[in-house]
Amino acid sequence: MTLTPTRATDVRVRRLTTTLYGYAFLEDFILLYPVYALLFSDAGLSVGQISSLFALWSVTGVLLEVPSGAWADAVSRRLLLWLGPLLTAAGFALWVLLPSYGAFALGFVLWGAGGALGSGALEALVYDELERLDAADRYARVMGRARAAGLVAVMAAMGLAGPVLAGGGHAAVGAASVLVCLLAAATALRFPEHRSPKTGHESWTATLRAGLAGARAGRSVRGALLLVPAVGAVWGALDEYTPLLVRETGVADGTVPYLLLLIWAGATAGSLLAGEGERLGTAGLATLLAGAGLALAVGAAEGTPWGLGLVALAFGGFQAATVLADARLQRRIEDTGRATLTSVAGLGTELATVAVYGGYALIASGGAHSTAFAVLAVPYLATAVLLFAGAARARP
């Protein structure tokens, strides 16, 4: 049977998206995520030592974010998506085989390096392959579903980690996590890739310079680069504090996980609806951010379990806006330096997230968690105002 051109394109897009959704799920279906702090504590580490491990993890990601993006533009992106989970698997194996501070530190370096290899490379590969198939307009919908798959994986891992830990201890949880990473690496080999990596010993540095030059030369690219951390950093940092916000509403500790699932469900719904949001335009994106910011402020200030419904709605809006900001950036980048510039945006998000952690600590140390959440809704309102102003200037 001979496929029509449209049918053949749909088949190729389906192969790409199926691989992407499987890869995104496996990347986050890590049973160690909800319990690795317990592993560290059981190994005798102090709170200070555990905190230093988290800092080492963050620093590794920050230092490797942009260089790894440039590397993804210079070599095969599929290769990096295969290598990243293998490094992470090696780190997790170290944790359970040699539970000690040194092994934990090396494991975090490997995990941070593995994550950096995929950051920028994944988005660039997916966008370029969709563009080759004349389906770039599906990018936001596809990436939204991929992020939803990752969120579902996290929730599934949270549900399974307890029983596996109870039945087999840290060794069983670690073995399951290593296996999932290996499956992710195997899945990465199914990604189609039709670009030709650059050659020559100067290809990596030349790619880095070319990508950064593209950001300096294009005002629209610079604006899109700044929008990614402006949208993603604050709510990404607040997510770490949602258990404290939920507990502050007065519910029993046993109820906290269920209300957290409500918030995660809101973010998942936002991912699934992101594709519909591509029609919003700049003013529509500004309206989405403003509405989500107001929902966050009001829901957090409410201080009741009912208010968490608004927080879930806000997180859904922020997740959708994060996907749309990424799609906006991809549309404005020329093929050269796509992964590099995506990694620059990722670096901006990482640095802004660290700043939010510091701001949250200052606010919450002298007040309630609900106050910190409400105050940190303000940056979204400010971003919305700037987007409205930009949309107004763009009108003829």
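All values reported here derive from a predicted model rather than from experimental measurement.

Asks: Would you mind going over the layout of surface pockets in detail, with residue names and values included?
Replies: For the second largest pocket, the calculated volume is near 540 Å³. If you trace the second largest pocket, you find 18 residues lining it, with G223, R328, L387, G390 and R393 closest to the centre. Elements with a minimum of two residues in the lining of the second largest pocket: α9 (219-238), α13 (307-332) and α16 (378-394). Across the lining of the second largest pocket, the residue classes break down as 8 nonpolar, 5 polar and 5 charged.

Asks: Just give me the short version of the pattern of salt bridges, but keep the residues and values in it.
Replies: Applying the stated rule across the entire model yields 4 salt bridges. For R77, the salt bridge is made with D73, and the minimal N-O distance between the two is 2.6 Å. The same class applies to R77 as to D73, namely buried. Residues R338 and D128 are paired through a salt bridge, measuring 2.8 Å at the closest nitrogen-oxygen approach. Of the two residues, R338 is situated in helix α14 (residues 338-365) and D128 in helix α6 (residues 121-132); the sequence distance between them amounts to 210 residues. By the burial criterion, R338 is buried, and D128 matches it. The structure contains a network of salt bridges with shared partners spanning D73, R77, D128 and R338.

Asks: I'd love a proper account of the side chain of E123, names of residues and values included.
Replies: Checked against the element boundaries, E123 lands in helix α6. Comment: no salt bridge for buried E123; closest opposite-charge side chain is R147, at 4.5 Å. Excluding residues that lie within four positions of it along the chain, E123 makes contacts with G118, Y139, M143, R147, D326, Q330 and T342.

Asks: Explain the packing of helix α4 (residues 77-97) against helix α5 (residues 101-118) to me, and be specific about the residues and the numbers.
Replies: Between α4 and α5, the least distance of the axes is 8 Å, while the angle of their chain directions is 165°. Accordingly, the angle class assigned to the pair α4 and α5 is roughly antiparallel. The element α4 and its partner α5 pack so that their crossing is left-handed. Judged by residue contacts, L80, L81, L83, G84, L87, T88, A90, G91, F92, L94 and W95 of α4 engage A103, F104, L106, G107, F108, L110, W111, A113, G114, L117 and G118 from α5. Taken together, the residues of the contact of α4 with α5 break down into 16 nonpolar, 6 polar and no charged.

Asks: Let's hear about the environment of L183: which residues, and what values?
Replies: Counting through the fold element by element, L183 comes out in helix α7 (residues 139-188). The class for L183 is partly exposed, based on a relative accessible area of 42%. A C-alpha to C-alpha distance of 9.5 Å links L183 and L86, two positions 97 residues apart in sequence.

Asks: Residue-level account of the packing of α4 against α6, with values.
Replies: In the contact formed by α4 and α6, the axes pass within 9 Å of each other and the chain directions differ by 140°. It follows from the interaxial angle that α4 and α6 lie oblique. Of the two elements, α4 crosses α6, and the hand of that crossing is left-handed. The segment α4 lies against α6, with R77, R78 and L81 engaging A121, L122, A124, L125 and D128. Looking at the contact of α4 with α6, its residues break down into 5 nonpolar, no polar and 3 charged.

Asks: Any chance you could break down the nonpolar core for me, citing the residues and the numbers?
Replies: Residues F40, W95, F191, L296 and F318 are the most contacted members of the largest nonpolar core, which totals 114 residues. Looking at which element gives the most residues to this core, the answer is α7, with 17 residues. Here F318 is in contact with V231, W235, L289, A292, G293, L296 and Y380, once residues within four sequence places are set aside.

Asks: Help me get a handle on the confidence of the model for the chain, residues and values and all.
Replies: Interpretation of this model should avoid reading the predicted coordinates in detail wherever pLDDT is low. Scored by pLDDT, the chain has a mean of 86; 90% of the residues are at 70 or more. Of all secondary-structure elements in the chain, the lowest mean pLDDT belongs to helix α8 (residues 203-217), at 58, while α4 reaches the highest, 96.

Asks: Account for the packing of aromatic side chains, with residues named and values stated.
Replies: All chains considered together, the criterion is met by 25 aromatic pairs. When the centroid spacing of 6.3 Å and the interplanar angle of 85° are considered together, the rings of W95 and F104 count as edge-to-face. Take W95 and F104: they sit in the same class, and that class is buried. Centre to centre, the rings of F315 and F318 are 6.5 Å apart; their planes meet at 55°, and the pair counts as tilted.

Reading guide: rules and limits
Every chain begins its residue count from 1, and numbering advances along the sequence as written. Totals for whole chains, interfaces and linings use every residue, but because this is a predicted model, local features are given only for residues with pLDDT of at least 70 and side-chain atom pairs only at 80 or more, for both listing and counting. To obtain the side-chain values, all non-hydrogen atoms of the structure were included, while hydrogens and water were left out. Cavities and pockets were defined on a 1 Å grid built over protein atoms only: a cavity is a set of grid points that admits a 1.4 Å probe from which the probe cannot escape, a pocket is an open set flanked by protein on both sides within 12 Å along at least five of seven lines, and lining residues are those with an atom within 4 Å of any such point. Grid points are joined across faces, edges and corners, and a volume is the space filled by probe spheres set on the points. Helix numbers and strand numbers start at the N terminus; a helix is a DSSP run of H or I with at least 4 residues, a strand a run of E with at least 2. Classification used: nonpolar for Ala, Val, Leu, Ile, Met, Phe, Trp, Tyr, Cys and Pro, charged for Asp, Glu, Lys and Arg, polar for all others including Gly. Salt bridge, as used here, is a side-chain nitrogen of Lys or Arg placed within 4 Å of a carboxyl oxygen of Asp or Glu. Burial here depends on accessible area, computed with a 1.4 Å probe over protein chains only, as a share of the maximum for the residue type. Under 20% is buried, over 50% is exposed, and the range in between is partly exposed. Only four residue types enter the tally: Lys and Arg on the positive side, Asp and Glu on the negative side, with His and both chain ends excluded. The contact rule is simple, with two residues in contact once any of their heavy atoms fall within 4.5 Å. An axis is simply a line fitted to the C-alpha atoms; with a helix, the fit covers only the stretch in contact. Between two such axes, the angle follows the N-to-C directions and lies from 0 to 180 degrees. By the definition adopted for this analysis, an angle is roughly parallel if under 35 degrees, roughly antiparallel if over 145, roughly perpendicular if from 65 to 115, and oblique otherwise. Crossing handedness: left-handed means the near helix sits turned counterclockwise from the far one by under a right angle, and right-handed means the same turn made clockwise. As used here, the term nonpolar core means buried Ala, Val, Leu, Ile, Met, Phe, Trp, Tyr and Cys residues forming a set that is joined through side-chain atoms within 4.5 Å. Confidence of the predictor at the level of single residues is given by pLDDT, which spans 0 to 100. The criterion for an aromatic pair is that two Phe, Tyr or Trp rings (for Trp, the six-membered ring) have centres within 6.5 Å, with stacked assigned to planes under 30 degrees apart, edge-to-face to planes over 60 apart and tilted to the rest.

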